[in-house]
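Structure at a glance
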Amino acid sequence: MIEKIKEEVENLLYPELRRYGRNDRTRLLRKASETPLDFIEWVGILAALLIVVAVTRYGVADFGLVDRIVAGLVNFLVAIPLLGLTAGPFLVRRTRRGLRSQLG
């Protein structure tokens, strides 16, 4: 079931992989992920990081130790998906560039 979902996500993000089998896809994606980031991708990821940091800032001056730990964990659980949504497209862009250079 998870493999089917993974394949559907790959088909959505990387349509050029549809005609390849599982082993070829894995090899192609691994090789494409080694493609260096370009300037736009670096700037985008840096901007995404700054936005997520700004959105997830909070003050803990009046919190006790347990409250600080809980606030930190909640903050982490909020920041990870936000980073995926904001920086993820730049990583997908890099992988697509790598796939294009390999396949054509």
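The following paragraphs examine the structure supplied in this document. The structure presented is a predicted model; accordingly, all values stated were derived computationally and were not measured.

A closer look at the overall build of the protein chain
- Within the protein chain, the regular secondary structure consists of 4 helices and 0 strands.
- What you see in the protein chain, going N to C, is helices and strands ordered as α-α-α-α.
- A compact globule built from 104 residues should have a C-alpha radius of gyration of about 13 Å, whereas the protein chain, at 18 Å, is more than 25% larger.
- The C-alpha extent of the protein chain, read off along each of the three principal axes, is 60 × 35 × 20 Å.
- Here the protein chain, with 104 residues, has 22% of them falling under the buried criterion.
- Counted over contacts in the protein chain with a minimum sequence separation of 6, partners at least 24 positions apart contribute 68%.
- On the protein chain, roughly 7,600 Å² of surface is accessible, and the fraction owed to carbon and sulfur atoms is 67%.
- When the 16 positive and 11 negative side-chain charges of the protein chain are each reduced to one mean point, those points stand 5 Å apart.

Focus: a nonpolar patch on the surface
- Taken together, the side chains of Leu46, Leu49, Leu50 and Val53 make up a nonpolar region of the molecular surface, amounting to roughly 370 Å² of accessible area.
- Along the chain, Leu50 turns up in helix H3 (residues 39-55).
- Taking the relative accessible area as the measure of exposure, Leu50 reaches 54% and is therefore exposed.

Quick notes on the rules
- Residues numbered from 1 in each chain as written.
- Predicted model: local features only at pLDDT ≥ 70, side-chain atom pairs only at ≥ 80, totals over all residues.
- Heavy atoms only, no water.
- Helix = DSSP H or I, 4+ residues; strand = E, 2+ residues; numbered from the N terminus.
- Rg over C-alpha atoms; globule rule 2.2 N^0.38 Å.
- Buried < 20%, exposed > 50% of the residue type's maximum accessible area, 1.4 Å probe, protein only.
- Contact = heavy atoms within 4.5 Å.
- Areas by Shrake-Rupley, 256 points an atom, 1.4 Å probe, with all protein chains shown as cover.
- Lys, Arg positive; Asp, Glu negative; His and termini not counted.
- Charge placed at Lys NZ, Arg CZ, Asp CG, Glu CD.
- Patch = residues over 30% accessible without salt bridge, like charges linked within 9 Å, V, L, I, M, F, W, Y side chains within 5 Å.
- Salt bridge = Lys/Arg side-chain N within 4 Å of Asp/Glu carboxyl O.

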